[in-house]
Amino acid sequence: KAGVTQTPRYLIKTRGQQVTLSCSPISGHRSVSWYQQTPGQGLQFLFEYFSETQRNKGNFPGRFSGRQFSNSRSEMNVSTLELGDSALYLCASSLGVTGDYTFGSGTRLTVV
Amino acid sequence: AQTVTQSQPEMSVQEAETVTLSCTYDTSESDYYLFWYKQPPSRQMILVIRQEAYKQQNATENRFSVNFQKAAKSFSLKISDSQLGDAAMYFCAYRGKQGAQKLVFGQGTRLTINP
């Protein structure tokens, strides 16, 4: 079965712009989580969605937002991009809120 | 808040040898999950092994096994018969069973396999 699909794989944006990243979970998985990975801060939790509802949110500014659709696909949006937002953004899905996560290959965002 | 610490930024091992990666964590919860993930250059985080805190028996998956010491809050990963394909970043992670069930990751250990 297909894994977690994240699009695009690479993205270059200019400071001040906004960006939308997409994540399609494994079929049947209803929980989607997002993580930011940087060399300095490591892996940090952004938010988790289950059945279109945000269950948890990490300690990120309001410029970071997300949503989940009825087919469990999720998007995250970052507005007013800053250089520090350059990172690998990983999406993970699980069957339920307590299941093991399966990760996608991430979207590499570069802000210039 | 829970924290996870990996004190070895880099490790190297000869092919076919055994290597142990260290991880310690801090939590006030009594039941939780611990994981080791592998991240190769392809960037995808791959689950290597999981351990439930209430299970005293150490988890094993083929060449991968853990030494779970709950009282010491230690969770090390042993890789036996190391293979070139084991080269990757390895992350230790904690996930609680109460409240926000997010993954809390350590900083990672880069494992190099020498042929």
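All figures in this text were calculated on a predicted structure; none of them were measured in a lab.

Chemist: Any chance you could explain the sheet that holds strand β8 (residues 74–78) of chain A here in plain terms?
Modeler: Two modes of strand pairing occur in sheets, parallel and antiparallel, and in both the strands are linked by backbone hydrogen bonds. All names here are of chain A. Spatial ordering of the open sheet is given by β1-β3-β8-β7, a layout of 4 strands whose pairing is antiparallel. Of all the strands in the sheet, the pair left with one neighbour each is β1 (5–7) and β7 (64–68). This sheet shows a mean twist of 15° between the axes of neighbouring strands, independent of strand direction. Two strands pair when backbone bridges link them, and strand β3 (residues 19–24) and β8 are joined in this way by 5 bridges, in the antiparallel orientation. Within the sheet, the bridge partner assigned to C23 lies in β8 and is S74.

Chemist: I tried to follow unusual backbone geometry on my own but got confused; where do I start?
Modeler: Residues and elements named next belong to chain A. The linkage connecting T7 with the following residue, P8, adopts the cis geometry, with an omega of -10°. Inspection of the secondary structure puts P8 in the loop between β1 and β2 (10–13). Even without being a glycine, E52 presents a positive backbone phi close to 70°. With respect to the helices and strands, E52 occurs in the loop between β5 (42–50) and β6 (53–57). With relative accessibility at 47%, the residue E52 sits in the partly exposed group.

Each value, and the rule that gives it
In this numbering scheme, every chain counts its residues from 1 along its sequence in written order. Whichever chain is written first becomes A and whichever ligand is written first becomes 1, with later ones labelled in order. Thresholds applied to this predicted model are a pLDDT of at least 70 for local features of residues and 80 or more for the giving and counting of side-chain atom pairs; totals over whole chains, interfaces and linings are not thresholded and use all residues. Neither water nor hydrogens contribute to the side-chain values; these are computed over all heavy atoms in the structure. Paired strands are those between which DSSP finds at least two bridges. Secondary structure elements are taken from DSSP: a helix is a run of H or I of four residues or more, a strand is a run of E of two residues or more, and numbering for both begins at the N terminus. To define axes, lines are fitted to C-alpha atoms, for helices over the stretch in contact only, and angles between the resulting N-to-C directions are given on a 0 to 180 degree scale. Accessibility here uses a 1.4 Å probe with only protein chains present; expressed as a share of the type maximum, an area under 20% marks a residue as buried, one over 50% as exposed, and anything in between as partly exposed.

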